[in-house]
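# Inside the fold
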Amino acid sequence: MSDKQNDDHKDFDSLADEEDPGLIAEFWDFLIHNKKWWLTPIVVVLLLMGVLVLLSGSAAAPFIYTLW
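Residues numbered from 1 in each chain as written. Predicted model: local features only at pLDDT ≥ 70, side-chain atom pairs only at ≥ 80, totals over all residues. Heavy atoms only, no water.

## Considerations on the overall build of the protein
Quick note on the threshold: Each helix is a run of DSSP H or I of at least 4 residues and each strand a run of E of at least 2, with the numbering of both proceeding from the N terminus. For the exposure calls, accessible area comes from a 1.4 Å probe over protein chains only, and a residue counts as buried if that area is under 20% of its type's maximum, exposed if over 50%, partly exposed in between.
Within the protein, the secondary structure is distributed over 4 helices and 0 strands. Ordered by position from N to C terminus, the α and β elements of the protein give α-α-α-α. Put simply, the protein has 68 residues, and 6% of those count as buried.

Here it is in structure tokens:
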């Protein structure tokens, strides 16, 4: 095995041993590197709708329904 292949193998092993960055960090990295900024409002609206769905089944439901 050449030195270059050995170095690549060590780099791969060290990358495999690193801790996962997490969903939000990976999504942020995806947005920055792929320049998909148009996805941000879609994700924000989906998150807000999810929060409303969760709150509609809780004790906060009467307060949500009086706002509409």
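Okay, back to it.
## Observations regarding a negative patch on the surface
How we decide: Nonpolar side chains (Val, Leu, Ile, Met, Phe, Trp, Tyr) within 5 Å and like charges within 9 Å form the patches, drawn only from residues with over 30% relative accessible area and no salt bridge. All accessibility values rest on the Shrake-Rupley procedure with a 1.4 Å probe; residue burial counts only the protein chains present in the view. Salt bridges are identified by distance alone: a Lys or Arg side-chain nitrogen within 4 Å of an Asp or Glu carboxyl oxygen. Note on charges: Lys and Arg go in the positive column, Asp and Glu in the negative column, and His and the chain ends are not counted at all. Every charge is mapped to an atom, namely NZ of Lys, CZ of Arg, CG of Asp or CD of Glu.
The grouping of Glu 19, Asp 20, Glu 26 and Asp 29 at the surface amounts to a negative patch. With respect to the secondary-structure elements, Glu 19 resides in the loop between α1 (3–17) and α2 (23–34). A relative accessible area of 75% means that Glu 19 is categorised as exposed.

## Overview of the confidence of the model for the protein
Predicted coordinates in areas of low pLDDT are best not read in detail. To keep things clear, this is the line we draw: A score from 0 to 100, pLDDT tells how confident the predictor is in each residue.
When pLDDT is averaged along the protein, the result is 79, and 78% of the positions lie at 70 or above. The least confident element of the protein, judged by mean pLDDT, is α1 at 67; the most confident is helix α3 (residues 39–56) at 88.

## Focus on the packing of aromatic side chains
Stated formally: For this analysis, a ring pair means two rings from Phe, Tyr or Trp (six-membered ring only for Trp) whose centres lie within 6.5 Å, classed as stacked if their planes differ by under 30 degrees, edge-to-face if by over 60, and tilted for the remaining angles.
Under the counting rule described, the total for this entry stands at 1 aromatic pair. Aromatic pair Trp 28 and Trp 37: ring centres 5.6 Å apart, planes at 70°, arrangement edge-to-face. In this structure Trp 37 comes out as partly exposed when scored by relative accessible area, which is 44%.

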